[in-house]
Amino acid sequence: MPSNTEAAEIFRGIADLLDVMGERFKPEAYRRAARSLESLTEDLSAVAARGELRSIPGVGEAIEEKLREYLASGKIAYYDRLRLEVPPGVAEMLAIPGLGPKTARRFWVELGIETPDELLAALTAGRLSGVKGFGEKKVAQIRSAVEGHRAGPAGARLPIEVAYPIAQALVQGLRERAGAEQIEVAGSFRRGRETVGDLDLLVTSVDPTRAFDVFSSLPEVREVRLRGATKETVLLTNGLQVDLRVVEPAAFGAALQYFTGSKDHNVIVRSLAKERGLRVNEYGVYRGDERLAGRTEEEVYAALGLAWIPPELREARGEVDLAAQGPLPPLVSESALRGDLHVHLAPDAEAASVEPLVTSARARGLAYLGLVAEGLDDHGRPFTLPSKTQERLRKAAGPKLRLHLVREVDVPSGPTSAGREVFDWTVLRPTSRAPNPPPASVGRAWSLAVVAHVGSRDPAGAEAARAWIQFARAVGTAVEVGPGPERLDSTWARSALETGLSLALPTGVEEPTGSPTGPIALRFARRAGAGPGQVRNADPHAPVSGGRKAAAD
DNA sequence: GCCGTTTTCGGCCCGACTGTTTTCAGTCG
């Protein structure tokens, strides 16, 4: 079964092989097409059926043809041919840090080394000593990199919810001890991508050396990879790579813009600058030698005639063209969230203290909570919130925080309509990975519902997600978006918004302060382009009082 | 191989860092 992901993988494979063959621009062209395919919300075959493959950024005549071939046969002959020319182990060597296409090619052509294993053997046998360009240090560096590569697949991307607390700890450490003034985590972390390959930290400081010293002595840091005048790269104990850059305040905005990316976004921004006789780099926007902007991102975009673009949208999906026409429509923000539609108390809620939940809800400025009063606990056992606990909660909440009772129902196996009068709304929880939603008529038995607990991180999950989004559309419910394998990510959020659905965002109100659920869910929604009007819990009124129209669809 | 209200040909981001070098090549982001 052809898939967008597989097509992207093939293109990346082609790019690697072309790299080794010494091609200059083709590899990047194939990689660009691969990135586009991955960010497509729609299935490739559907785009092909409409004859619109060429509308995908980076897809031209030649790549369109290869995509058609792939959809028809599952294969691309060009790729197979390249693989005959270049031994697969040579391309694999590109995955070794510090070893690029030029070096891999030299190993292959000049020394007959075709795999990482053969490279290690050659190093051990001393075959590289005396070879031009390979001094003692270089040999040691390559050896260490090859061994690291063999030990495990380094550089696996981390889910953002795993990276989030790490980033927070690093930022806090730097802020407290390094005398850093402005600190920001840039890169794909700031764009709110589902996974991050590394972290890019950016600080302003009058004393870069001190910042680097403090940074490399943080408990999370295992080793320093490199240190220059403006940049330090370290490896954390968990293997994550982190870059720290120190810039002067006058360039902070430009550096932040530059290192937030994405790559494709920056290419577009820079070529636009060129058209206008300007030049953009990480220090600022320049006309000749004159720096026009650099202190803030707003300033940088403005100097190019653009409105500021939220980081989550910087993915080269037309956002630059929009920003050239005027301010972008506002995205949902933390302060826009007025309630949480789906809050769980711990299963032993009878004993649990309810005050932290109420305090946390107030701190977040929430006006209402939809508390799951009946459903299944983490182990799938039926669970009812004791009425005593409900009472304690109501008392603690007071008049400003409204409590609503919510029922969480397994679909399609759970009950249908009984109990409507007791509960204010229903959370639909598809049974694990069920790709088979019930008919929409069943779903309409609820006055309002939120589809939650739909994951999408594997092919089976993706199929289920597609089906449940269709179901939600037919029923007129919102779908929950957020981090973790049990929620829809930003790509699915975009897909849901495109079909006219609204989103439900968890605020993380029931979790300890600083937990990543709320902020990440918000980033995913923003990444999908959601405005406040498209988020159900950005409505100041709980869905029961003002939102029955939502069920009408 | 892609792309185009200056181009259907001739561009394609560019600066930091390292190592091996005596002025630069390779890699990375």
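Residues numbered from 1 in each chain as written. Chains lettered and ligands numbered in written order. Predicted model: local features only at pLDDT ≥ 70, side-chain atom pairs only at ≥ 80, totals over all residues. Heavy atoms only, no water.

### Describing the sheet that holds strand β2 (residues 183-185)
Convention followed: Strands are labelled as partners when DSSP assigns at least two bridges between them. Strands here are runs of E lasting at least two residues and helices are runs of H or I lasting at least four, both read from the DSSP assignment and numbered beginning at the N terminus. Interaxial angles span 0 to 180 degrees and are taken between N-to-C directions of axes, which are lines fitted to C-alpha atoms, for helices over the stretch in contact. It only takes one pair of heavy atoms within 4.5 Å for two residues to be counted as in contact.
The 5 strands lie next to each other as β2-β4-β7-β6-β5, forming an open sheet whose pairing is mixed. A single partner strand is all that each edge strand has here, and the edge strands are β2 and β5 (221-227). Taken over all neighbouring pairs, the strand axes of this sheet differ in orientation by 20° on average, direction set aside. Pairing of strand β6 (residues 231-236) with strand β7 (residues 241-247), which is carried by 5 bridges, proceeds in the antiparallel orientation. What sits directly across from Lys231, in β7, is Arg245. Taken strand by strand, helix α10 (residues 160-177) contacts β2, β4 (198-204), β6 and β7, and its axis lies near 25° from that of β4.

### Re helix α9 (residues 136-151)
Quick note on the threshold: To estimate how far a helix should reach, multiply one less than its number of residues by 1.5 Å.
For α9, which comprises 16 residues, the first-to-last C-alpha distance of 23 Å matches the rise-based estimate of 22 Å (1.5 Å per residue) to within 8%. Those residues of α9 that are buried lie in contact with α6 (88-92), α7 (101-111) and α8 (116-124).

### Let's talk about the protein's contact with DNA strand B
Let me state the cut-off plainly: Nearness of a residue to a molecule or strand requires only that one of the residue's heavy atoms be within 4 Å of it. Distance and chemistry together define a polar contact, namely a pair of N or O atoms within 3.5 Å, with one atom able to donate a hydrogen and the other to accept it when in protein, and with adjacent residues in sequence counting only for side-chain atoms on both sides. Note on residue classes: Ala, Val, Leu, Ile, Met, Phe, Trp, Tyr, Cys and Pro are nonpolar, Asp, Glu, Lys and Arg are charged, and everything else, Gly too, is polar.
Neighbouring residues of DNA strand B: 42 residues in total, closest Gly60, Gly100, Thr103, Arg270 and Tyr283. Sugar plus phosphate: this is where 77% of the atoms of DNA strand B within 4 Å of the protein reside. A distance of 2.9 Å separates a phosphate oxygen of DNA strand B from a polar atom in the side chain of Tyr30. One nitrogen or oxygen atom from the side chain of Arg270 is found 2.2 Å from a base oxygen belonging to DNA strand B. Those elements that place two or more of their residues in the surface near DNA strand B are α2 (26-38), α4 (61-73), α7, α9, β5 and α14 (263-275). Its residues placed into classes, the surface near DNA strand B shows 17 nonpolar, 12 polar and 13 charged.

### Concerning the pairing of β7
Walk down a regular strand and you will see the side chains alternate between the two sheet faces. Rules: When a residue's accessible area, from a 1.4 Å probe over protein chains only, is under 20% of the maximum for its type it is buried; when over 50% it is exposed; and in between it is partly exposed.
Here β7 lies mainly inside the structure; 6 of its 7 residues are buried. In this sheet, β7 lies alongside β4 in parallel orientation, the contact comprising 7 bridges. Residue pairing across strands places Asp198 opposite Gln241, the latter belonging to β7. Hairpin connection between β6 and β7: a loop of 4 residues separates the two successive antiparallel strands, and Gly239 in this loop has a positive phi of roughly 95°.

### Here we look at the domain arrangement of chain A
We apply this condition: As used throughout, domain bounds are those supplied by an automatic or database domain assignment. What gets called buried area is simply the loss in accessible area from a 1.4 Å probe that two parts show on being joined, summed for both. Here a salt bridge means any side-chain nitrogen of Lys or Arg lying within 4 Å of a carboxyl oxygen belonging to Asp or Glu.
According to the domain assignment, chain A consists of domain 1 (4-151), domain 2 (158-246), domain 3 (250-325) and domain 4 (334-538). Carbon and sulfur atoms supply 40% of the area buried between domain 1 and domain 4, which totals about 330 Å² over both sides. The largest per-residue losses of area from domain 1 upon contact with domain 4 belong to Ser39, Thr41 and Asp43, which jointly make up 93% of the total buried on that side. The tally of links between domain 1 and domain 4 comes to 0 salt bridges. Here domain 1 and domain 4 share 1 residue pair in polar contact (both at pLDDT 80 or more) between them.

### A closer look at the sheet that holds strand β8 (residues 279-281)
Sheet strands pair via backbone hydrogen bonds, and the direction of the pair is either parallel or antiparallel. Ordered by their spatial adjacency, 3 strands build an open sheet running β8-β9-β10, and the pairing between neighbours is antiparallel. Each edge of the open sheet carries a strand with a single partner, namely β8 and β10 (290-293). Within this sheet the neighbouring strands show an average axis-to-axis angle of 35°, counted without direction. Bridge analysis of strand β9 (residues 284-287) against β10 gives 3 bridges, and the strand direction is antiparallel. Looking at β10, one finds that Val285 is bridged to Ala293.

### Examining the packing of α8 against α9
We count it as follows: Roughly parallel here means an angle under 35 degrees, roughly antiparallel means over 145, roughly perpendicular means 65 to 115, and every remaining angle is called oblique. Crossings are classed by handedness, with left-handed meaning an anticlockwise turn of the near helix from the far one by less than a right angle and right-handed meaning a clockwise turn.
For the pair α8 and α9, the least separation of the axes is 10 Å and the interaxial angle reads 140°. Judged on the interaxial angle alone, α9 and α8 are oblique. For α8 against α9, the interelement crossing comes out left-handed. Mapping the contact onto sequence places Pro116, Asp117, Leu119, Leu120, Leu123 and Thr124 in α8 and Val139, Ile142, Arg143, Val146, Glu147, His149 and Arg150 in α9. Split by residue class, the contact of α8 with α9 holds 7 nonpolar, 2 polar and 4 charged.

### Some words on unusual backbone geometry
Note the cis peptide between Gly261 and Ser262, where omega equals 0°. Take Ser262: it is sitting in the loop between α13 (252-260) and α14. Although it is not a glycine, Ala316 adopts a positive phi angle of roughly 60°. By the secondary structure assignment, Ala316 is in the loop between α15 (297-303) and α16 (319-325). Looking at Ala316, the relative accessible area reads 16%, which means it is buried.

### Focus: the nonpolar core
Note the cut-off: Among buried residues, those of type Ala, Val, Leu, Ile, Met, Phe, Trp, Tyr and Cys that are joined through side-chain atoms within 4.5 Å constitute a nonpolar core.
Among the nonpolar cores identified, the biggest contains 63 residues, and Leu170, Leu199, Leu201, Phe215, Val332, Leu503 and Leu505 are the most heavily contacted of them. Of the residues that make up this core, three or more belong to each of domain 2 (158-246) and domain 4 (334-538). With residues up to four places along the chain from it excluded, the contact list for Phe215 reads Leu170, Leu174, Leu201, Val221, Glu232, Val234, Val242 and Leu244. Counting residues in each nonpolar core, the second largest holds 49 residues, with Ala15, Ala34, Ile63 and Leu111 among its members.

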